[in-house]
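# Coordinate inspection notes
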Amino acid sequence: MTADIPLGDRLDDDDYPAYTMGRAAEMLGTTPGFLRAIGEARLITPLRSEGGHRRYSRYQLRIAARARELVDRGTPIEAACRIVILEDQLEEAQRINAEYRRAANSPSDNSGSRAG
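What comes next concerns the included structure. All figures in this text were calculated on a predicted structure; none of them were measured in a lab.

With that settled, the discussion passes to the overall build of the protein chain. Helix and strand content of the protein chain: 5 helices and 3 strands. Looking at the protein chain as a whole, 23% of its 116 residues qualify as buried. For the protein chain, long-range pairs separated by at least 24 residues make up 58% of all intrachain contacts whose partners lie at least 6 apart in sequence. For the protein chain, the exposed area adds up to about 8,100 Å²; of that, 51% sits on carbon and sulfur atoms.

Here's what the structure looks like:
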């Protein structure tokens, strides 16, 4: 897969597909079928090993865990996946807005502050 990337970097990378389907299901306390279902609902798309096996990242496991919480509370899996997608999009939009606010309030930004 990415053997040329140092091990330490791979272990620190939230997007590195380090977990097999069986291990991911075990960590989430769910079944491989649940992981396949949220993949079919396009909540997460696992990467594939050279042998074609699904591999999951820590980020994907966090997303799957949130979907599982919703399903455990009685939310249909398709709705749970949509909710998680929207939550993730909202979080990203809020992060981008915060970056824009910081940039706009930065002391190094003098545009528009000169009297003419």
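Moving on from the coordinates now.
A separate point is the nonpolar core. One finds Leu-35, Ile-38, Leu-43, Ile-44 and Tyr-56 to be the most contacted residues of the largest nonpolar core, which totals 18 residues. If you list the elements that add at least two residues to this core, you get α2 (21-28), α3 (32-40), α4 (58-72) and α5 (77-104). For this core, the element with the highest residue contribution is α4, accounting for 5 residues. When residues no more than four places from it in sequence are discounted, the contact partners of Leu-43 are Ile-38, Ile-63, Ala-67, Cys-81, Val-84 and Ile-85.

With that settled, consider α3. Within an α-helix, residues lying three or four positions from one another point in the same direction, as the helix has 3.6 residues per turn. What α3 keeps buried is the set Phe-34, Leu-35 and Ile-38. Summarising the axial view, the buried residues of α3 lie within an arc of 100°, below the 170-degree limit, and thus occupy one face. Of the surrounding elements, those touching the buried residues of α3 are α2, β3 (54-56), α4 and α5. Looking one or two residues beyond α3, the residue adopting positive phi is Arg-42, at roughly 65°.

Conventions used here
Residues numbered from 1 in each chain as written. Predicted model: local features only at pLDDT ≥ 70, side-chain atom pairs only at ≥ 80, totals over all residues. Heavy atoms only, no water. Helix = DSSP H or I, 4+ residues; strand = E, 2+ residues; numbered from the N terminus. Buried < 20%, exposed > 50% of the residue type's maximum accessible area, 1.4 Å probe, protein only. Contact = heavy atoms within 4.5 Å. Areas by Shrake-Rupley, 256 points an atom, 1.4 Å probe, with all protein chains shown as cover. Core = buried A, V, L, I, M, F, W, Y, C linked by side-chain atoms within 4.5 Å. Arc of directions from axis to C-beta.

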